[in-house]
Amino acid sequence: MTTELAPFNADQQSIARYLGLNPSDPKSHAVMAVCDRYKLDPILKHVIVLPKGGVYITRDGLLHVAHMSGQLDGIVVEDQGEDDAEWWAEVSIYRRDMRFPFKFRGRYSKHGSNKAYGPEMALKCAEALALRRAFDISGLPVLEERDAAAPATVNTERIVPK
């Protein structure tokens, strides 16, 4: 005997409450506006609200935008390391429709709240910075950028064959 789940109508108010969204709160409206603009899903944590920080797009949200564009041609971890103060990673994002990659360095402090995963956090920062620039998601903070360094120099030199 096969048991099938009967479809049900999702209660949007219940879903909003589960996600910490309040339909009468302007921050919740901002979350949904960002989701509509970039085709993001709050259930999958593409966008979140930090209580004192506002709307943030997560790295998963940025990856979603990149994949949906059809232009993502690869993510390459160029280098990773650490010094006395922080972990760092350099990432290049390649697009099919552009000649040069978007290369950025992300970092994470060794005094950060998630230092057990410092190298991974630095990588997330680098990916978020590069994805945001490569896919024109500007003006909105990205969660992983809170601990990120200033971007590494982007390679804009034209390579001329000899």
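Refer to the structure presented above.
Bear in mind the structure is a predicted one, so any value in this text is a computation, not a measurement. By convention here, each chain's residues receive numbers from 1 onward along its written sequence. Per-residue local features are limited, in this predicted model, to residues with pLDDT of at least 70; the limit for side-chain atom pairs, both in listing and counting, is 80 or more; totals at the level of whole chains, interfaces and linings are taken over all residues. To obtain the side-chain values, all non-hydrogen atoms of the structure were included, while hydrogens and water were left out.

## Here's the deal with the overall build of the chain
Spelled out, the test is: Helical segments are the DSSP runs of H or I of at least four residues, strand segments are the runs of E of at least two, and each set is numbered from the N terminus. Buried, partly exposed and exposed residues are distinguished by accessible area as a fraction of the type maximum, computed with a 1.4 Å probe on protein chains only: under 20%, between the cut-offs, and over 50%, respectively. Two residues form a contact once any of their heavy atoms are found within 4.5 Å.
Looking only at helices and strands, one finds four helices and five strands in the chain. Starting at the N terminus and ending at the C terminus, the chain contains elements arranged as α-α-β-β-α-β-β-β-α. The buried share of the chain, taken over its 162 residues, is 38%. Counting only contacts in the chain whose residues sit at least 6 apart along the sequence, the fraction spanning at least 24 positions is 46%.

## Concerning the packing of aromatic side chains
Rule in force here: Working definition: a ring pair exists when centres of Phe, Tyr or Trp rings (six-membered ring for Trp) sit within 6.5 Å. Plane angles under 30 degrees give stacked, over 60 give edge-to-face, the rest tilted. By the criterion adopted, a ring carries a charge over it if an Arg CZ or a Lys NZ lies within 6 Å of its centre and within 35 degrees of its normal.
Per the stated rule, a full pass over the model turns up zero aromatic pairs. Lying over the aromatic face of Tyr38, Arg37 brings its terminal NZ or CZ to 4.7 Å of the ring centre. Cation over ring: Arg105 sits above Trp88, and NZ or CZ is 4.0 Å from the ring centre.

## A look at the environment of Gly112
Looking at the secondary structure, you find Gly112 in the loop between strand 5 (102-109) and helix 4 (118-134). With 26 residues separating them along the chain, Gly112 and Glu86 place their C-alpha atoms 9.0 Å apart.

## As for the packing of helix 3 (residues 59-69) against helix 4
Keep this limit in mind: A fitted line through C-alpha atoms represents every axis, and for helices the fit uses only the stretch in contact; the resulting angles, taken between N-to-C directions, go from 0 to 180 degrees. An angle below 35 degrees is read as roughly parallel, one above 145 as roughly antiparallel, one from 65 to 115 as roughly perpendicular, and any other as oblique. Helix crossings are classified by the rotation of the near helix relative to the far one: an anticlockwise turn of less than a right angle makes the crossing left-handed, while a clockwise turn makes it right-handed. Under the grouping applied here, Gly and all other residues not named as nonpolar or charged are polar, the nonpolar ones being Ala, Val, Leu, Ile, Met, Phe, Trp, Tyr, Cys and Pro and the charged ones Asp, Glu, Lys and Arg.
Following both chains from N to C, one finds helix 3 and helix 4 inclined at 40 degrees, their axes separated by 10 Å at the closest point. Judged by the angle between their axes, helix 3 and helix 4 are oblique. Crossing of helix 3 against helix 4: the hand is left-handed. Of helix 4, the residues touching helix 3 (which contributes Arg59, Leu62, Leu63 and Ala66) are Lys124, Glu127, Ala128, Leu131 and Arg132. Classifying every residue of the contact of helix 3 with helix 4 gives five nonpolar, no polar and four charged.

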